[in-house]
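# Structural overview
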Amino acid sequence: MGQTRQSVVINTPPERVWAAIRDFHDPSWAPNVIQNLEAVGSAGGAEIGAKRILNGAFHETLLTLDDAQMTFTYSIDDGPSPVSKDDVDNYVGVVTVSGAEEGGTLVEWSSSWDRNDEAGHDFCSPIYVALLNDMKATLE
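Description of the structure in this document. Since this is a predicted model, take the numbers as computed values, not measurements. (Residues numbered from 1 in each chain as written. Predicted model: local features only at pLDDT ≥ 70, side-chain atom pairs only at ≥ 80, totals over all residues. Heavy atoms only, no water.)

### A look at the side chain of Ser111
With respect to the helices and strands, the residue Ser111 is situated in strand 7 (residues 105-114). There is a polar contact of 3.5 Å between the side chain of Ser111 and the side chain of Tyr128. (Helix = DSSP H or I, 4+ residues; strand = E, 2+ residues; numbered from the N terminus. Polar contact = N/O pair within 3.5 Å; in protein donor to acceptor, adjacent residues only side chain to side chain.)

Put into structure tokens, the structure is as follows:
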């Protein structure tokens, strides 16, 4: 099983971070990484089953959204190689927001998938780092 995990501490209260990132259709917290988002279907960005296409390449579905725990999960249904539907199975990403020990907010972004383990990790890890860094820069 392939997997990757990154995290960042943001000097902002967890509730503010969660409010900014919980809408699956609003990537305004990552303006330097996500250039465009196409909402697909009628589900809103906070509804299970919401679908989106990021940067014309990543087809994703919101699987869970838990406001009390400040976490959501999503699948990548298709995308560029090495995370295309031909390259990986069961791709699930998890984003969790919580209070950081040193104050502020800890955001953890992880994912796991079957097949193409190393290539998937090498591809996804720097994307998550860029997303988290953009989130920090935007929300602090």
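Resuming the write-up.
### Focus on the sheet that holds strand 3 (residues 51-54)
Across a sheet, paired strands are connected by hydrogen bonds in the backbone, their directions being either parallel or antiparallel. Reading across from one edge, 1-7-6-5-4-3-2 is the order of the 7 strands in this open sheet, with antiparallel pairing throughout. For this open sheet the edge positions go to strand 1 (2-10) and strand 2 (37-40), each flanked by a neighbour on one side alone. Strand after strand, the sheet turns through a mean of 25° between neighbouring axes, direction not considered. With 7 bridges joining them, strand 4 (residues 58-66) and strand 5 (residues 71-78) adopt antiparallel strand pairing. Each residue of the ladder has a partner; that of Glu60, found in strand 5, is Ile76. The strands touched by helix 1 (residues 14-21) within the sheet are strand 1, strand 4, strand 5, strand 6 (89-99) and strand 7, with strand 6 carrying the most contacts at an inclination of about 145°. (Pairing = 2+ DSSP bridges. Axes fitted to C-alpha atoms, helices over the stretch in contact; angles between N-to-C directions. Contact = heavy atoms within 4.5 Å.)

### Some details on the packing of aromatic side chains
Under the definition given, this model contains 9 aromatic pairs. Each ring, one from Trp18 and one from Phe72, has its centre 6.2 Å from the other, and the planes form 40°; the classification is tilted. Taken as a pair, Trp18 in helix 1 and Phe72 in strand 5 lie far apart in primary sequence, 54 residues in all. With respect to class, Trp18 is no different from Phe72; both count as buried. Seen from their ring centres, Tyr74 and Trp109 are 6.4 Å apart, and the 85° between their planes marks the pair as edge-to-face. Taken as a pair, Tyr74 in strand 5 and Trp109 in strand 7 lie far apart in primary sequence, 35 residues in all. The exposure class of Trp109 is buried, given its relative accessible area of 4%. Three or more aromatic residues link up through ring pairs in this structure, and these residues are Trp18, Phe24, Trp29, Phe72, Tyr74, Trp109 and Tyr128. Sitting above the plane of the Phe24 ring, Arg52 keeps its charged end 3.6 Å from the centroid. (Phe/Tyr/Trp six-rings, centres within 6.5 Å; stacked < 30°, edge-to-face > 60°. Buried < 20%, exposed > 50% of the residue type's maximum accessible area, 1.4 Å probe, protein only. Lys NZ or Arg CZ within 6 Å of the ring centre and 35° of its normal.)

### Observations regarding empty space enclosed by the protein
Regions of empty space are outlined by a rolling probe, equal in size to a water molecule, passed over the atoms. Tallying each qualifying case throughout the model produces 1 cavity of 30 Å³ or more. One number sums up the size of the largest cavity: a volume of about 40 Å³. Lining the largest cavity are Ile21, Asp23, Phe24, Asp26, Pro27, Trp29, Arg52, Phe72 and Trp109. Among the residues making up the lining of the largest cavity, the classes are represented as 6 nonpolar, no polar and 3 charged. (1 Å grid on protein atoms, 1.4 Å probe; cavity = no way out; pocket = protein on both sides within 12 Å on 5 of 7 lines; lining within 4 Å. Points joined across faces, edges and corners; volume = space filled by probe spheres on them. Nonpolar A, V, L, I, M, F, W, Y, C, P; charged D, E, K, R; others polar.)

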